[in-house]
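Working through the structure, step by step
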Amino acid sequence: MKWITREKVKVDRVACPWLIKKFIDPEAEFFFVPADQIQAWAKTLGATPFDIEGCELGHHGEDVSFDSFLKKYGIEDPALGLLAQIVRAADSSPTNPHPAGEGLRWVAFGFSALGLSDHEILAREFVVYDALYAECRRRAT
């Protein structure tokens, strides 16, 4: 599958590709383009948009795109539910933010400050999500 979103990834636009690669499609391809070019490139590439305004796999109410993927693909894993709380707290302003969200936000902005490409950020930050998921599994069981 091909997926497309805005360039200059941070929290949700790293969390969602991690989720896709680990739980939906290990062979997924990701494209990052300027926001105003997403629809045109999506059609050209045959890619599914995510984490953009008005799309199915985007923010809805307090839910962030990570939540939308869990719901659409029927993924019911308590550890991923806990990770979703952390992503939500890092990427938006939920009513009851998880305290780990602020740390994840710092990590995401830190990776952004390194001047890496979006694909380099994914490659390096996926290990952060692997570690968060491992801790979420430990705490959710």
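Described in the following lines is the structure provided in the data block. (Residues numbered from 1 in each chain as written. Predicted model: local features only at pLDDT ≥ 70, side-chain atom pairs only at ≥ 80, totals over all residues. Heavy atoms only, no water.)

Across its full length, the protein carries 6 helices and 3 strands. Overall, the protein shows an N-to-C arrangement of helices and strands of β-α-β-α-β-α-α-α-α. Whereas a compact globule of 141 residues would reach a radius of gyration of roughly 14 Å, the protein reaches 14 Å, a difference of no more than 12%. Each principal axis of the C-alpha atoms in the protein carries an extent, and together these give about 45 × 35 × 30 Å. Per-residue burial over the protein gives 44% buried out of 141 residues. Accessible area of the protein: about 7500 Å², with a carbon and sulfur share of 53%. Of the side-chain charges in the protein, 16 are positive and 21 negative, and the distance between the mean point of each set is 2 Å. (Helix = DSSP H or I, 4+ residues; strand = E, 2+ residues; numbered from the N terminus. Rg over C-alpha atoms; globule rule 2.2 N^0.38 Å. Buried < 20%, exposed > 50% of the residue type's maximum accessible area, 1.4 Å probe, protein only. Areas by Shrake-Rupley, 256 points an atom, 1.4 Å probe, with all protein chains shown as cover. Lys, Arg positive; Asp, Glu negative; His and termini not counted. Charge placed at Lys NZ, Arg CZ, Asp CG, Glu CD.)

What follows covers helix α6 (residues 118-140). Taking 1.5 Å of rise per residue, the 23 residues of α6 would be expected to cover 33 Å, and the 31 Å separating its terminal C-alpha atoms lies within 8% of that figure. Of all the bends in α6, the greatest measures close to 35 degrees and is centred on Glu125. Buried residues of α6: Asp118, Ile121, Leu122, Glu125, Phe126, Tyr129, Tyr133 and Cys136, and no others. (Expected span 1.5 Å × (residues − 1). Bend = angle between axes of the 7 residues up to and from the residue.)

Turning our attention to the packing of aromatic side chains. Taken as a whole and assessed by the stated rule, the structure comprises 9 aromatic pairs. Aromatic pair Phe50 and Phe69: ring centres 5.9 Å apart, planes at 75 degrees, arrangement edge-to-face. One end of the pair, Phe50, is in the loop between β3 (48-49) and α3 (65-72); the other, Phe69, is in helix α3, with 19 residues separating them in the sequence. Taken individually, Phe50 and Phe69 each receive the classification buried, so the pair is uniform in this respect. Here a set of aromatic residues connected by ring pairs shows up, and it is made of Trp3, Phe30, Phe50, Phe69 and Tyr73. Across from the ring centre of Phe109, 5.1 Å away, lies the NZ or CZ of Lys10, which sits over that ring. One cation-aromatic arrangement involves Lys72 over Tyr73; the distance from NZ or CZ to the ring centre is 5.9 Å. (Phe/Tyr/Trp six-rings, centres within 6.5 Å; stacked < 30°, edge-to-face > 60°. Lys NZ or Arg CZ within 6 Å of the ring centre and 35° of its normal.)

Where α3 contacts helix α4 (residues 78-91), the axes come no closer than 8 Å and their chain directions differ by 155 degrees. The orientation of α3 relative to α4 falls into the category roughly antiparallel. Residues Phe66, Asp67 and Leu70 of α3 form the contact with α4, whose participating residues are Leu80, Leu83, Ala84, Val87 and Arg88. Grouping the constituent residues of the contact of α3 with α4 by class yields 6 nonpolar, no polar and 2 charged. (Axes fitted to C-alpha atoms, helices over the stretch in contact; angles between N-to-C directions. Parallel < 35°, antiparallel > 145°, perpendicular 65-115°, else oblique. Contact = heavy atoms within 4.5 Å. Nonpolar A, V, L, I, M, F, W, Y, C, P; charged D, E, K, R; others polar.)

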